[in-house]
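Understanding the architecture of this molecule
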Amino acid sequence: MRYIVLMLRDRRWVLPVAALAPLLWGTTYATTSELLPPGRPLTAAVLRALPAGVLLLLLARRLPPRGWWGRALVLGTLNIGAFFALLFVGAYRLPGGVAATVGALQPLVVLGLATLLLGERAGRRAVLAALLGVAGVALLVLRAEARLDGVGLAAATGGAVSMAVGVVLAKRWGRPAPLLAVTSWQLLAGGLVLLPVALAVEGPLPPRLLDAPALAGYAWLALAGTALAYVVWFLGVGALPSGALSSLGLLAPVVATTLGWALLGQSLTVWQVAGGLLVLVAVALAQRRGRTAVAAPPAVGSVGSTGSTGSTGSTGSTGPAAGPTGVPQPTVGPALPVPARCLPLAP
């Protein structure tokens, strides 16, 4: 973790290291389908957020200052708690491909919010890249037989908007402490918001389900897919333009579909290949716009530092859905594993 933080102080590493977050989120689907107990997406979300938050808090050794407890709760709820809960509802009510396509609208939402709240100007190339990303994800995961549901659409849209608002507010409010500390506050707040919901909906996790594969899967999701991924993502938030960073989240469904084909024996159609290539074009287009606007990464402090890192500035942006039938559906951002009664992914 310390090594990555030091790397991101060099502007040349900002973009590739920030892209590590959606690449790690893309492994969620294979991990969930192969290692975790089925039908417990909210439990998996809690077991990702809380251990990761505790670990980062132990490393940072910093509690929120006066006036930031409420902000930490708001950001944690928007970026983790409400996001995963709404994603859960959308995954139950919609085929996974529809939920993924709705989630791909998040870069457009971030561009709009960044214009309104941060004064960033969304150029035509950024908007075009976001639209191409939606089209690419739709080709990658959407199926002709998919049916729509009003409640599910509202929930999936709410999840995308929740995460977008959370990221833009995090950028607007800045950071009163080192990045590891601020990230830990959000993960802990989001996990604590999710905990009673998970217990009410899914009940306690029976110990018999915590076998060696499940423990390995939860450990991977907590350490790599959450702690590491959120640290590098929020570092990118402070250094990259909104369109450039938010487009990186589109890489998650590409990674998930590729892993499903390479490791799980899923089929891959020509249309899916075309969709994946279109997503890569959209990401590259967004980076061409943003590369000249990359700001020097804000100081993040050493691990365990108690000094302030300052505000994130006015450029940067967004972040993170899921679905399946035995194999979770790839979507955009930090995915929530979902129950196996959603429409199957046919990659």
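If you're wondering where the values come from, they're calculated on a predicted model, not measured in any experiment. (Residues numbered from 1 in each chain as written. Predicted model: local features only at pLDDT ≥ 70, side-chain atom pairs only at ≥ 80, totals over all residues. Heavy atoms only, no water.)

Let us look at the overall build of the protein. Helix and strand counts for the protein come out as 15 helices and zero strands. A burial count over the protein gives 59% of its 347 residues as buried. Summing over all exposed atoms, the protein offers an accessible surface of approximately 13300 Å²; the carbon and sulfur share of this is 68%. (Helix = DSSP H or I, 4+ residues; strand = E, 2+ residues; numbered from the N terminus. Buried < 20%, exposed > 50% of the residue type's maximum accessible area, 1.4 Å probe, protein only. Areas by Shrake-Rupley, 256 points an atom, 1.4 Å probe, with all protein chains shown as cover.)

Taken as a whole, this structure holds six aromatic pairs when the rule is applied. Following the ring pairs from residue to residue traces out a cluster consisting of W25, Y230, W233 and F234. (Phe/Tyr/Trp six-rings, centres within 6.5 Å; stacked < 30°, edge-to-face > 60°.)

If you look at the biggest cluster of nonpolar residues, it comprises 67 residues, and the most contacted ones within it are F84, Y230, W233 and L248. Not counting chain neighbours up to four residues away, the residues in contact with L248 comprise L15, A18, A19, P22, W233, L240, V283 and Q287. (Core = buried A, V, L, I, M, F, W, Y, C linked by side-chain atoms within 4.5 Å. Contact = heavy atoms within 4.5 Å.)

Right, let's talk about the packing of helix α4 (residues 28-35) against helix α12 (residues 212-237) for a bit. One can describe the packing of α4 onto α12 by two numbers: an axis separation of 9 Å at closest approach and a directional angle of 165°. Compared by their axis directions, α4 and α12 come out roughly antiparallel. Between α4 and α12 the crossing geometry is left-handed. Between α4 and α12, the contacting residues are T28, T31, T32 and L35 on the first element and P213, A214, G217, W220 and L221 on the second. (Axes fitted to C-alpha atoms, helices over the stretch in contact; angles between N-to-C directions. Parallel < 35°, antiparallel > 145°, perpendicular 65-115°, else oblique. Left-handed = near helix turned anticlockwise from the far one by under 90°.)

Before going further, it helps to examine a nonpolar patch on the surface. On the surface, W261, L268, V273, L277 and L280 cluster together into a nonpolar patch covering about 460 Å² of accessible area. With three residues, the top contributor of residues to the nonpolar patch is helix α15 (residues 270-291). Positionally, L280 belongs in helix α15. (Patch = residues over 30% accessible without salt bridge, like charges linked within 9 Å, V, L, I, M, F, W, Y side chains within 5 Å. Salt bridge = Lys/Arg side-chain N within 4 Å of Asp/Glu carboxyl O.)

Our next topic: the environment of L209. When you line up the elements, L209 lands in the loop between α11 (179-202) and α12. Taking the C-alpha atoms as reference, L209 lies 8.4 Å from L36; in sequence the two are 173 residues apart. Here L209 is in contact with P37, R40 and A214, once residues within four sequence places are set aside.

Attention shifts here to α4. Among the eight residues that make up α4, six are buried, leaving the element largely enclosed by the rest of the structure. Along α4, the residues that are buried comprise T28, Y29, A30, T31, T32 and S33. Buried residues along α4 sit in contact with α3 (20-25), α5 (41-60), α12 and α14 (251-263).

For the rest of this paragraph, the subject is the environment of V54. Tracing the sequence through the fold places V54 in helix α5. Look at V54 and you get partly exposed, because its relative accessible area is 41%. Residues V54 and S184, spaced 130 residues apart in sequence, show a C-alpha to C-alpha distance of 6.8 Å.

Turning our attention to unusual backbone geometry. Leaving glycine out, the prevailing phi sign among residues is negative, and the prevailing peptide bond configuration is trans. Of note in this structure, R61 is not a glycine but carries a positive phi near 55°. Positionally, R61 belongs in the loop between α5 and α6 (69-93).

A separate point is the environment of R175. Along the chain, the position of R175 falls in the loop between α10 (150-173) and α11. In sequence terms R175 and W68 are 107 residues apart; their C-alpha atoms lie 9.7 Å from each other.

This part takes up the confidence of the model for the protein. Mean pLDDT over the protein works out to 79, with 77% of the residues at or above the 70 mark. A low-confidence stretch, residues 290-331 stays under pLDDT 50, and its non-local contacts, those more than four residues away or across chains, total 178 contacts. Scored below 50 in pLDDT, residues 336-347 makes 63 contacts in the model with residues more than four places away or belonging to other chains. (pLDDT = per-residue confidence, 0-100.)

In this model, α14 (13 residues) spans 18 Å end to end at C-alpha, consistent with the 18 Å of a helix rising 1.5 Å per residue. Looking only at α14, the buried set comprises L251, A252, P253, V254, V255, A256, T257 and G260. Downstream of α14 by a residue or two, G265 has a phi angle that is positive, lying close to 75°. (Expected span 1.5 Å × (residues − 1).)

Right, let's talk about the packing of helix α9 (residues 124-141) against α14 for a bit. Look at α9 against α14: their axes get within 10 Å of each other, and the N-to-C directions meet at 20°. Classed by the angle they form, the pair α9 and α14 counts as roughly parallel. Crossing angle aside, the handedness with which α9 passes α14 is left-handed. Contacts from V137, L140 and V141 in α9 reach P253, V254 and T257 in α14. Of the residues that constitute the contact of α9 with α14, the class distribution is five nonpolar, one polar and no charged. (Nonpolar A, V, L, I, M, F, W, Y, C, P; charged D, E, K, R; others polar.)

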